[in-house]
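# Chain and residue survey
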Amino acid sequence: MSKLFVWVNDSLIPSEEANLNIADLAVQRGYGIFDFFKTIDGKPVFLEDHLDRLYRSAVLMRLELKQSRDEIRDKIIRLIENNNLKDSGIKMILTGGFSPDGFNIAEPNLIISQQAFEIPRTMSEKGISILTHEYQRQFSNAKTLDYLQAIWLQPILKEKKADDVLYYSDGLIRECPRANIFVVTKDQKVLTPESGMLKGVTRKHLLEISGARYVTEARDVSVEELRNASEVFITSTTKNILPVVQVDGYVIGDGNPGEVSRALAKEYNRIIYGS
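Procedures and definitions
- Residues numbered from 1 in each chain as written.
- Predicted model: local features only at pLDDT ≥ 70, side-chain atom pairs only at ≥ 80, totals over all residues.
- Heavy atoms only, no water.
- Helix = DSSP H or I, 4+ residues; strand = E, 2+ residues; numbered from the N terminus.
- Rg over C-alpha atoms; globule rule 2.2 N^0.38 Å.
- Buried < 20%, exposed > 50% of the residue type's maximum accessible area, 1.4 Å probe, protein only.
- Contact = heavy atoms within 4.5 Å.
- Pairing = 2+ DSSP bridges.
- Axes fitted to C-alpha atoms, helices over the stretch in contact; angles between N-to-C directions.
- Phe/Tyr/Trp six-rings, centres within 6.5 Å; stacked < 30°, edge-to-face > 60°.
- Lys NZ or Arg CZ within 6 Å of the ring centre and 35° of its normal.
- Core = buried A, V, L, I, M, F, W, Y, C linked by side-chain atoms within 4.5 Å.
- Expected span 1.5 Å × (residues − 1).

## Looking at the overall build of the protein
The helix and strand tally for the protein stands at 8 helices and 15 strands. For the protein, the C-alpha radius of gyration of 19 Å lies close to 19 Å, the compact-globule estimate for 275 residues. Its C-alpha atoms give the protein principal-axis dimensions of about 55 × 45 × 35 Å. Counting the 275 residues in the protein, one finds 51% classified as buried. Long-range contacts, defined here as pairs at least 24 residues apart, represent 69% of the contacts in the protein between residues at least 6 apart.

In C-alpha cells:
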C-alpha cells in the first residue's frame, strides 16, 4: 500500500512524519474535538453536514478554527486526490493547542487524516446486543475527544458478550458512544432521543427519510419504551443502520431485524450508494 498523507495545520505531509507537541492540551488533558465522515468511490458523503458540526463543536468548546470552511474543504479534496483511496474514513481533529501551563486553551492545531475504510453495503441480518449503562456525557452536543467512559466499559462488554453500550440518565435513553439510537414502537412509530446526546449526521438524514414514511418523533425516550419496542436500531457514519436485537439480555421483537429497519436501511442505502 502506498504511503498516506495527512494535513497538520497547513502542511500536507506523509503520515509517518506527522507529530504533535506533547504540550498540546489534547495530549495533556484530552481537550479537543473531531469529526469523521466517509468517502464512497472517492466522494465525501454528507461533507457539508460534517463541516457544520465541526464548526458547532468548535464554538461550544471555545476553540477557534483559523481556517475558513472553504480552506478546510479544499484541504479535504487535496487529501483525497493525494491518497487515492476509493472507500475511506476521513477524520478532522482540532486540538486545544500548545498550552504553556497545560491548562488554558491555546491556538488549536488542525489535523486531517484519511484511512482505507469499507463497510458492508447491506444491513446486518444478525443484529447486535447492547447493554444499558447510567451515564450522562458532558458537553454531549459537541463531538469531543472524550471517550473515557466508553473505553473503560470495554472489558465489561466483552465479559457480557455485548457489542455496544447505550447510555441513559434520569430514566431516559441518550446515545451509544459512537452512534445514535432509534426505537420503533409496536404501532410502527419511530422515536429517537432529542436531548443529552450528540446529533449525528446519519441520524439527521434518517429522520428525514423516516418522517416521509412513518410517524416519527425526536423527543425524550424512556428506558421502558426501549424495552417495550418492536424494533431498535442504531445509526452512525461507520454503521449506517445497524439493528439491535437484544438489550440487557432481553430479546427485542422476534430477535430479528424488523420491517421498519429494513425499509429505512434500503432507502438510506439508495441515497448514499445510489442503489
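What follows picks up the thread again.
## Considering the environment of Lys204
When you line up the elements, Lys204 lands in helix α6 (residues 201-211). Taking the C-alpha atoms as reference points, Lys204 and Ala116, 88 residues apart in sequence, are found 25 Å from one another.

## Some thoughts on the sheet that holds strand β4 (residues 43-44)
Across the sheet, which stays open at both edges, the 6 strands sit in the order β2-β1-β6-β5-β3-β4 with antiparallel pairing between neighbours. Only two strands of the sheet have a single neighbouring strand rather than two, namely β2 (11-14) and β4. With 2 bridges connecting them, strand β1 (residues 5-8) and strand β6 (residues 110-116) associate as antiparallel partners. Looking at the pairing, Val8 lines up with Ile111 of β6. In the packing of helix α3 (residues 69-83) onto the sheet, the strands contacted are β1, β2, β3 (32-40), β4, β5 (88-95) and β6, and the crossing angle to β6 comes to about 35°.

## Some details on unusual backbone geometry
The phi angle of most residues is negative, glycine excepted, and most peptide bonds adopt the trans form. With a phi close to 60°, Arg62 is a non-glycine residue in the positive phi region. With respect to the helices and strands, the residue Arg62 is situated in the loop between α2 (47-60) and α3. A positive phi is found at Asn240, a non-glycine position, where the angle reads about 55°. By the secondary structure assignment, Asn240 is in strand β14 (residues 240-247). With a relative accessible area of 4%, Asn240 lands in the buried category.

## Description of the packing of aromatic side chains
Within the structure shown, the criterion is met by 5 aromatic pairs. With 6.0 Å between their ring centres and 50° between their planes, Phe34 and Tyr147 make a pair best called tilted. Of this pair, Phe34 sits in strand β3 while Tyr147 sits in the loop between β7 (128-134) and α4 (148-152); the two residues are 113 residues apart in sequence, bridging distant segments of the chain. Judged by its relative accessible area of 9%, Phe34 falls in the buried class. With a centroid separation of 4.9 Å and 65° between ring planes, the pair formed by Tyr135 and Tyr167 is classed as edge-to-face. With Tyr135 in the loop between β7 and α4 and Tyr167 in strand β8 (residues 164-169), the pair connects residues that are 32 residues apart, well separated along the chain. Overall, the relative accessible area of 22% leaves Tyr135 in the partly exposed class. When the ring centre of Trp7 is taken as origin, the NZ or CZ atom of Lys75, which lies over that ring, is 4.1 Å away.

## Quick notes on the nonpolar core
Grouped together as the largest cluster of nonpolar side chains are 21 residues, with contacts concentrated most on Leu206, Phe233, Ile241, Leu264, Tyr268 and Ile272. Broken down by secondary-structure element, the contributors of at least two residues to this core are β10 (180-184), α6 and α8 (259-273). Ranked by residue count, the leading element in this core is α8, at 7 residues. Each residue touching Leu264, except ones within four places of it in the same chain, is listed here: Leu206, Ile209, Ser210, Arg213, Tyr214, Phe233 and Ile241. Ranked by size, the runner-up nonpolar core spans 20 residues in total, among them Trp7, Leu47, Leu65 and Ile90.

## So, the environment of Leu166
Its place among the elements puts Leu166 in strand β8. Looking at Leu166, the relative accessible area reads 0%, which means it is buried. C-alpha separation for the pair Leu166 and Ile234, spaced 68 residues apart in sequence, amounts to 9.9 Å.

## Concerning the pairing of strand β9 (residues 172-175)
Summarising the sheet, β8 and β9 pair through 3 bridges and their orientation is antiparallel. Counted as the bridge partner of Ser169 is Leu172 from β9. Where β8 hands over to β9, the hairpin turn is made up of 2 residues, of which Asp170 adopts a positive phi near 55°.

## Topic: α8
Its 15 residues give α8 an end-to-end C-alpha distance of 21 Å, which sits within 8% of 21 Å, the value for a rise of 1.5 Å per residue. Listed as buried for α8 are Val260, Ser261, Ala263, Leu264, Ala265, Glu267, Tyr268, Asn269, Ile272 and Tyr273. Contacts from the buried residues of α8 go to β3, β10, β11 (190-192), α6, β13 (231-236) and β14.

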